[in-house]
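A look at the structure
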Amino acid sequence: MTGQRNYRVLTLAVAFIAGCVVVVLYLPAVREKLTKVQEQIQPPILQEQISQSAQDQGDASKDTLPLTKAQKQIQPPMIQSAQGDVYKAEQDATRSRSPVTLPKVKDTLPVANFDDNWKKWKEDISLTNLRNYGLVENIPGEATLNTYSAERLSAIYHSYLDNNDIICHRKLRMGNVGDGGWEICDDYEWRPVQPCIIYSFGINNDFSFDDESGAIYGCDVYAFDPSMKAKTYKRSDRVMFYSVGIGGKSGDPETNKKGWVLHSFSNIRQMLNHTKVIDVVKMDVESAEWPSLATMVKEQQLDNVRQLLVEFHEMSDATSRLLAHLILFHDLERIGLRKFYVSKNVYGHRKAAAVPILRTSSYEIHFVNDNFRRSPF
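Residues numbered from 1 in each chain as written. Predicted model: local features only at pLDDT ≥ 70, side-chain atom pairs only at ≥ 80, totals over all residues. Heavy atoms only, no water.

Tallying each qualifying case throughout the model produces two disulfides. Through a disulfide, Cys168 is tied to Cys185; the S-S separation comes to 2.2 Å. Here the S-S torsion is close to 105 degrees, and the disulfide linking Cys168 with Cys185 is therefore right-handed. Of this pair, Cys168 sits in the loop between α8 (150-161) and β1 (171-174) while Cys185 sits in strand β2 (residues 182-185); the two residues are 17 residues apart in sequence, bridging distant segments of the chain. Of the two residues, Cys168 and Cys185, both sit in the buried class. Between the sulfur of Cys196 and that of Cys219 lies a disulfide, 2.0 Å long from S to S. With the S-S dihedral at roughly -100 degrees, the linkage between Cys196 and Cys219 falls on the left-handed side. Of this pair, Cys196 sits in the loop between β2 and β3 (197-201) while Cys219 sits in the loop between α9 (208-217) and β4 (220-224), and the two are 23 residues apart along the sequence. Take Cys196 and Cys219: they sit in the same class, and that class is buried. (Disulfide = S-S within 2.5 Å. Helix = DSSP H or I, 4+ residues; strand = E, 2+ residues; numbered from the N terminus. Buried < 20%, exposed > 50% of the residue type's maximum accessible area, 1.4 Å probe, protein only.)

Across all of its chains, the model carries 16 aromatic pairs by this definition. Here Tyr157 and Phe329 contribute two aromatic rings whose centre-to-centre distance is 6.0 Å and whose plane-to-plane angle is 25 degrees, an arrangement assigned as stacked. Taken together, the residues Tyr157 in helix α8 and Phe329 in helix α12 (residues 319-335) connect sequence positions 172 residues apart. Take Tyr157 and Phe329: they sit in the same class, and that class is buried. Both rings, one in Tyr222 and one in Tyr242, keep their centres 6.5 Å apart while their planes meet at 25 degrees; by these two values the pair is stacked. Here Tyr222, found in strand β4, pairs with Tyr242, found in strand β6 (residues 239-242); they are 20 residues apart in sequence, far enough to count as distant. Taken together, Tyr157, Tyr160, Trp290, Phe312, Phe329 and Tyr363 form an aromatic cluster joined through their ring pairs. Over the ring of Tyr148 we find Arg152, and its NZ or CZ is 4.1 Å from the ring centre. When the ring centre of Phe207 is taken as reference, the NZ or CZ atom of Arg235 above it lies at 4.0 Å. (Phe/Tyr/Trp six-rings, centres within 6.5 Å; stacked < 30°, edge-to-face > 60°. Lys NZ or Arg CZ within 6 Å of the ring centre and 35° of its normal.)

This next bit is on the sheet that holds strand β15 (residues 362-369). Spatially, eight strands are ordered β5-β6-β4-β3-β10-β11-β15-β12 in an open sheet, and the strand pairing comes out mixed. Looking at strand neighbours, the two that pair on one side only are β5 (233-234) and β12 (337-344), the edges of this open sheet. The pairing of strand β10 (residues 278-283) with strand β11 (residues 305-313) spans five bridges and is classified as parallel. Bridging from a neighbouring strand, Val280 pairs with Gln307 of β11. Set on the sheet, α8 makes contact with β11, β12 and β15; between it and β15 the angle comes to about 65 degrees. (Pairing = 2+ DSSP bridges. Contact = heavy atoms within 4.5 Å. Axes fitted to C-alpha atoms, helices over the stretch in contact; angles between N-to-C directions.)

Turning next to unusual backbone geometry. In this structure, Pro195 follows Gln194 across a cis peptide bond, with omega equal to -5 degrees. Secondary-structure assignment places Pro195 in the loop between β2 and β3. Despite not being glycine, Glu286 shows a phi value in the positive range, around 50 degrees. Within the secondary structure, Glu286 sits in the loop between β10 and α11 (289-298).

Now for the pairing of β2. Because side chains alternate across β2, one face comprises the buried residues Trp182 and Ile184, and the other comprises Glu183 and Cys185, equally buried. Pairing of β1 with β2 involves four bridges; the strand directions are antiparallel. By the bridge assignment, Leu172 is partnered in β2 with Ile184.

Glancing now at the side chain of Ser208. Following the sequence through the fold, Ser208 ends up in helix α9. Reaching out from Ser208, the side chain makes a polar contact with the backbone nitrogen of Asn176 at a distance of 3.3 Å. Residue contacts for Ser208: discarding those within four places in its chain leaves Gly175, Asn176 and Gly180. (Polar contact = N/O pair within 3.5 Å; in protein donor to acceptor, adjacent residues only side chain to side chain.)

Dropping the structure here:
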């Protein structure tokens, strides 16, 4: 049995070796025959495409930079050609490119006698200057502001109006989502609580804020606008309309060139016998906010106002105007008014002298009085 088994193993081994010899001897002939068959059955168009592709690769390889022997060994011909083209393009671009000169960054910006040329300011990396000198809070007093250039005043003006400096955890928009609506801070410290009073200056026939804030909070809302044709009337159980406006002249009311009657804030409070708390004051009065607020600060009328909502209007970067505005912002901060929400009116886009991005001529600013919080006790 053992002899028969060994004989079978030997026979199989010899047969396997003979088969390998036959494959080695006849493989090239078989491969050549298969190639001829493939050429016979392949469409003529495809053959032309393959031939053209091979020719293109050969032409492209002539323009490539020489590769090292090691690169040729590890890279297929098509990859070698493509990388050569990319490298050549990069070299050409580098040779033709002008040298880059980075602008120098100034360590300090002089507070006085700064170059008023807008281009010079832009070249000195205006974003860096804006970050360093565009205050968002803690506006200095008049003496310090008087030493600043027009550009620096502009940087502070737009930075202050474009940034919050206190958190209101819950805001509720009263009125339209677009123009005409305003946010009221609903946090306990500042929310209107009955009996409550809201003053709304500047209506322009849009009572959406007045109607909704009166209905939601149950406040008595007093709306003022001398530009409307409507006369004084009671709009609803909560909303009363007066055909007068707000102005900055103390004492007796004034009449402007348009025939509008304007009262100071303190006069209006006296006429309505509102001597204590005003929960919300909203003002959208097309630049009359500047003289009106200045007089309100002077007469200490904002000390017992919980929330102040104002649209500030300014189209100019004139030093005198910016200086007056920043003095007012300083006074508002001193009283305790802090910005909990700011937005830009989409209808007033403009360029500003010290800001590298587009600004607005109309900022809608929402303040709460941090010095007049409601006590939890």
